Amino acid sequence: MVIVSYLLLPLVAVLLYGMNRLEDWLTRTPQPPRHAHPRHLRLIQGGRQGLLTYPRASRRRPDAA
């Protein structure tokens, strides 16, 4: 009987540690995400002035086989 209790002691210790970590994880207060910061409106440029043309970089595309 004593041998069985000694063999189960590490299992019970790991189980208690895991349950403690789980309880801490479930009861913590949620923090805002790291990427959450106030956003500004991104307006389209050239609304009243007309269309703005941007120079395009000439990229060569390989012909499909």
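Coordinates for the structure precede this section.
Residues numbered from 1 in each chain as written. Predicted model: local features only at pLDDT ≥ 70, side-chain atom pairs only at ≥ 80, totals over all residues. Heavy atoms only, no water.

### A few points about the overall build of the chain
Counting its secondary structure elements, the chain contains one helix and zero strands. Surface accessibility of the chain: about 8000 Å² in total, with carbon and sulfur atoms responsible for 62%. (Helix = DSSP H or I, 4+ residues; strand = E, 2+ residues; numbered from the N terminus. Areas by Shrake-Rupley, 256 points an atom, 1.4 Å probe, with all protein chains shown as cover.)

### Observations concerning a nonpolar patch on the surface
A surface patch of nonpolar side chains, amounting to about 460 Å² of accessible area, comprises V4, L8, L11, V12 and L16. Mapped onto the elements, L11 comes out in helix α1 (residues 2-27). (Patch = residues over 30% accessible without salt bridge, like charges linked within 9 Å, V, L, I, M, F, W, Y side chains within 5 Å. Salt bridge = Lys/Arg side-chain N within 4 Å of Asp/Glu carboxyl O.)

### Some points on α1
Across its 26 residues, α1 extends 37 Å between first and last C-alpha, which sits within 8% of the 38 Å expected from 1.5 Å per residue. The buried fraction of α1 amounts to zero of the 26 residues, a small share that puts the element mostly on the outside. (Expected span 1.5 Å × (residues − 1). Buried < 20%, exposed > 50% of the residue type's maximum accessible area, 1.4 Å probe, protein only.)

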